[in-house]
Amino acid sequence: MTDRDESRDELRDELLALYEQMAVIRRTEKAAHDLFMSGLVKGTTHLAAGHEAIAVGASAALRPDDYVFATYRGHHHAMARGATPEECLAELMSRATGLCRAKGGSMHLTKASGHMLGSYAIVGAHLPMAVGAAWSARLRGTGQIAVAFFGDGATNIGAFHEALNLAAVWKLPVLFVCENNLYMEYTPIADVTAVARPAADRAPSYGIPGEVVDGNDVVAVRDAVATLARRARAGEGPALLEAETYRHFGHSRADPATYRPAEEVERWLKHDPLDLARGRLAELGVPEETLTAADERARDAVQSAVEAAKNAPPPDPAEALTDVWADGGAAWRT
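Residues numbered from 1 in each chain as written. Predicted model: local features only at pLDDT ≥ 70, side-chain atom pairs only at ≥ 80, totals over all residues. Heavy atoms only, no water.

### What to know about the environment of S38
- Along the chain, the position of S38 falls in the loop between helix 1 (3-37) and helix 2 (52-61).
- Among the residues examined, S38 registers a relative accessible area of 47% and is labelled partly exposed.
- Once the C-alpha coordinates of S38 and E162 are considered, the two residues, 124 residues apart in sequence, prove to be 42 Å apart. (Helix = DSSP H or I, 4+ residues; strand = E, 2+ residues; numbered from the N terminus. Buried < 20%, exposed > 50% of the residue type's maximum accessible area, 1.4 Å probe, protein only.)

### Quick notes on the packing of helix 4 (residues 85-92) against helix 10 (residues 288-311)
- Relative to each other, helix 4 and helix 10 sit at 40°, their axes nearing to 8 Å. Put simply, helix 4 runs oblique to helix 10. Of the two possible hands of crossing, helix 4 and helix 10 adopt the one that is right-handed. From helix 4, P85, E86, L89 and A90 reach across to helix 10, where they touch A305, V306, A308 and A309. (Axes fitted to C-alpha atoms, helices over the stretch in contact; angles between N-to-C directions. Parallel < 35°, antiparallel > 145°, perpendicular 65-115°, else oblique. Left-handed = near helix turned anticlockwise from the far one by under 90°. Contact = heavy atoms within 4.5 Å.)

### Some thoughts on the packing of helix 5 (residues 126-140) against helix 6 (residues 158-170)
- It is the contact of helix 5 with helix 6, at a shortest axis distance of 8 Å, that shows an interaxial angle of 20°. The angle between the axes of helix 5 and helix 6 places the two elements in the roughly parallel class. Handedness of the helix 5/helix 6 crossing: left-handed. Here L127, P128, V131, W135 and R138 of helix 5 come into contact with helix 6, specifically with A159, F160, A163, L166, A167 and W170.
- Among the residues forming the contact of helix 5 with helix 6, the class breakdown is 10 nonpolar, no polar and 1 charged. (Nonpolar A, V, L, I, M, F, W, Y, C, P; charged D, E, K, R; others polar.)

### Digging into the pairing of strand 8 (residues 239-244)
- Within strand 8, 5 of the 6 residues are buried, which leaves the element mostly enclosed by the surrounding structure.
- Bridge analysis of strand 4 (residues 174-180) against strand 8 gives 6 bridges, and the strand direction is parallel. Among the inter-strand pairings, C178 is bridged to a residue of strand 8, identified as E242.
- In terms of strand pairing, strand 7 (residues 210-214) meets strand 8 through 5 bridges, oriented parallel. Within strand 8, the position partnered with G210 by the bridge is L240.
- Taken together, strand 7, helix 7 (residues 218-233) and strand 8 constitute a β-α-β crossover, and its handedness is right-handed. (Pairing = 2+ DSSP bridges. Right-handed = clockwise from strand over helix to strand, strands pointing away.)

### Considering the environment of C88
- As for its position among the elements, C88 is in helix 4.
- A relative accessible area of 2% places C88 in the buried class.
- The spacing of C88 and L62 is 26 residues in sequence and 22 Å in space, taken between C-alpha atoms.
- For C88, the residues in contact, after removing those within four places along its chain, are M79, A83 and L109.

### Focus on the sheet that holds strand 4
- In space, the 6 strands of this open sheet follow the order 2-1-3-4-8-7, with parallel pairing throughout. The open sheet has two edge strands, strand 2 (116-120) and strand 7, and neither has a second partner. Adjacent strand axes in the sheet meet at a mean angle of 20° when their direction is disregarded.
- Across 3 bridges, strand 1 (residues 67-71) lies against strand 3 (residues 146-151) in parallel orientation. Note that in strand 3 the partner of V68 across the bridge is V147.

Structure follows, in structure tokens:
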């Protein structure tokens, strides 16, 4: 076997694993939608169907101990960093077995053991937190980096600019990854932004690299994040990556997304991240039955997760104030 053959085999095996991970996330999102419509998920839910390649590709390029911060549309990031479908769905259904023991819900999924330090409902609020985590990593000399994922709308929030400025001044090991799905809630980002690329075009203002990547191509995302992560670990400071993508659903479950042009939706649905990965795998010689088997494993895993979450017990009210304050209680605040 030549080095080229070995490299091709390694890429095929890695891409197949990434494909299956994206398939699990996609099916979990569909399950969340169905559970919401059946009344088993309360409140609102912001689905990330269509964004899977960003979370999965980026995580594949990171170390297990790197820090990740996400938005309220963060199911895919939690799962990419090790959260199981059952943990996520149980959390959405307010079960005791949920990722945050029913205290977070859809918008606050957190997997601290996977260094996924939260999903944040306040737009842009987590960007300065990622800067703080990167500063901590540098002070401790751990070689870790922090990665903040955010939507295109956050690029017009003050915290975005404050975070980029401080990270650039201190040359911190932090990556800012914009999941640009073209809409800030219901408003096209292009209608309210002075530059064509809401994230990447702002990077020169802070003297840092700004790159654009196809956010639906899991390999392209992995490679781009890997390059910028190496740069950050080498002490060269932060970078800004704009990943172009598209959400398959509305902003939230209360949004039918009728404001999006039909031809735009059709064009992007033909650029589905799972279809792109499946096509690349076919080019690498992966048989159709192998891909079908991966899909079936994803289906079975999520079906089992749904049933387990449905049958899980509700949370114990006595635990309402545990895991909220650092010491397990609120006495220090009085």
